[in-house]
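Inside the fold
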Amino acid sequence: MPHGNALEGLDSFHRWFGERARASDYLVKEAPLERLDGWRVDPDTGNLVHRTGRFYTVEGLEVTTGGAGAERSWAQPIIRQPEIGILGILVKEFDGVPHLLMQAKMEPGNINTLQLSPTVQATHSNYTRVHRGKAVPYLEYFTVPGRGRPLADALQSEQGSWFLGKRNRNLIIGTDDDVPVLDGFRWVPRTELDALLRLDNVVNMDSRSVLAAYPVPVDARLAREDSYRGALARSAAAPADATELLSRFTAAKATRSLTRRRVPLASVPGWHNDGTRVAREDGRYFSVLGVDVEAGDREVARWSQPLIAPAGRGVIALVTRRTDGLLRLLLSVRTQAGTFDVAELGATVQCDPANHPDAPPPFLDHVLSAPQDRIRFDAVHSEEGGRFHHAENRYLVVEAGDDLPLEAPDGYLWATLRDTAELVRHSHYLNVEARCLLACLNTLR
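Presented here is an overview of the structure given in this document. Given the structure is predicted, the values throughout are model-derived calculations rather than measurements.

Counting across every chain of the model gives 12 aromatic pairs. Ring plane angle 50° and centroid distance 5.7 Å describe the contact between Phe13 and Trp16, whose orientation is recorded as tilted. Placement of the pair is Phe13 and Trp16 together in helix 1 (residues 10-23), with a separation of three residues, close to one helical turn. Phe13 sits in the buried class, given a relative accessible area of 0%.

Written as structure tokens, this is what we have:
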């Protein structure tokens, strides 16, 4: 059994999780941007900057995208955080069952404060202790070569709508060490994690991103079933043809352009800093607000910071269809303001419906009108609570009927689960929303 945890199933997990929430005092209060401790509004640019010059800045960005004969331009605030952080999960087998060392971690933007995070979730500034706080536990397993067996390791992007070229190193490391279990950490069996992913706002975004690359064996008995899960298992076991998928993606990406120019936040048209928030005049999309934070179990007990707050709950959905006995996934080619390399593969639908009252994006109506027996996964998950305030999305996996054409429209690609899982083990192919959906989809296997 895992050292330090007598795992008895989900009831035991929820008791432990509830105890962790009660054991620490957390306080997050909205505070005016102009009065955030350690931060200032630069008088020349209006950018939000930290007194150390580290961590991140909020500045302005002018963007022009092109493709399919159309061009679009806009300007917006964006988080610039050029350093590369570490998101790492430690894995060990107990009685032949893989367990993952997870952390009950508070983030100031979490809607429910505490969520399940990777073993290590730290920016470069944090794990090099720019804040002069406590050291990050278990960091050596992800920074010292030879401390464990790499099971997955890739640089992966984060939300392109709100981050400028942001990347983190996503790692899964296997170990046989007798690892001490510190307060706030717990060995969780993979099957329990699957169940927790089906619950609202329990497993955080960083965990979902890393779990997307976790190798899941194919259940041969399930693969013989004439069912949705059987088609999913066969899709995972299909002959690999990622080169063909990559060729289609590269061809689509080659027709697109992305031009960006960093500009002063104060000069972004349509946005205004009133000393409390930076927001659009019409209240759409998102705003930038400040928070004061107290958390006794974090590396630093008190701090202040700006956060991006979306205007509403979004929808991130994957349309799937059974074809020739295999389940195929409808991926989209997405270019966003902060996309690292022009375009990445994303979910079929990725939007806040309230931002499209007159012209909904392709497939949104298809997803939202799907009958209950066609919805294969449905949960509300939070996005990065360290940078976003109460950012939630409804994650859906929907099975399409035979009425959905097999010919993908421009900007969309059908793919097997095998090829998609192969791409996620490499950098800059799947965006964070698609990776989170892949982790959700794998709970159905």
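Before going further, it helps to examine the nonpolar core. Counting residues in each nonpolar core, the largest one holds 69 residues, and the members touching the most others are Leu100, Leu116, Leu193, Leu196, Leu345 and Leu441. The greatest single-element share of this core, amounting to eight residues, is contributed by helix 11 (residues 432-441). Residues contacting Leu116, with those up to four places away along its chain left out, are Phe13, Trp16, Phe17, Met102, Gln103, Ala104, Leu193, Leu196, Val202, Val203, Asn204 and Ser207. One finds Tyr56, Val268, Val278 and Ile308 within the second-largest nonpolar core, a separate group that totals 22 residues.

Before going further, it helps to examine empty space enclosed by the protein. Inspection of every chain in the model, using the stated rule, returns two cavities of 30 Å³ or more. Lining the largest cavity, in full, are Ala152, Asp153, Ala154, Gln156, Asn170, Ser209, Val210, Ala213, Val424, Arg425 and Arg435. Elements supplying a minimum of two residues to the lining of the largest cavity: strand 10 (149-157) and helix 5 (205-211). Of all the elements, strand 10 adds the most residues to the lining of the largest cavity, at four residues. In terms of residue class, the lining of the largest cavity is made up of five nonpolar, three polar and three charged. Empty space within the second largest cavity amounts to approximately 60 Å³. Surrounding the second largest cavity, Leu318, Leu329, Leu331, Gly346, Ala347, Thr420, Ala434, Leu437, Leu438 and Leu441 form its lining. Taken together, the elements giving at least two residues each to the lining of the second largest cavity come down to strand 19 (326-334) and helix 11. Its residues assigned to classes, the lining of the second largest cavity comprises eight nonpolar, two polar and no charged.

The subject of this paragraph is the environment of Pro98. Note that Pro98 resides in strand 7 (residues 97-106). Here Pro98 falls in the partly exposed class, since its relative accessible area comes to 27%. Residues Pro98 and Arg190, 92 residues apart in the sequence, show an inter-C-alpha distance of 6.3 Å. Among residues more than four places away in sequence, those in contact with Pro98 are Val91, Lys92, Glu93, Val188, Pro189, Arg190 and Tyr214.

The rules behind these values
Residues numbered from 1 in each chain as written. Predicted model: local features only at pLDDT ≥ 70, side-chain atom pairs only at ≥ 80, totals over all residues. Heavy atoms only, no water. Phe/Tyr/Trp six-rings, centres within 6.5 Å; stacked < 30°, edge-to-face > 60°. Helix = DSSP H or I, 4+ residues; strand = E, 2+ residues; numbered from the N terminus. Buried < 20%, exposed > 50% of the residue type's maximum accessible area, 1.4 Å probe, protein only. Core = buried A, V, L, I, M, F, W, Y, C linked by side-chain atoms within 4.5 Å. Contact = heavy atoms within 4.5 Å. 1 Å grid on protein atoms, 1.4 Å probe; cavity = no way out; pocket = protein on both sides within 12 Å on 5 of 7 lines; lining within 4 Å. Points joined across faces, edges and corners; volume = space filled by probe spheres on them. Nonpolar A, V, L, I, M, F, W, Y, C, P; charged D, E, K, R; others polar.

Just distances and angles here, no functional claims.
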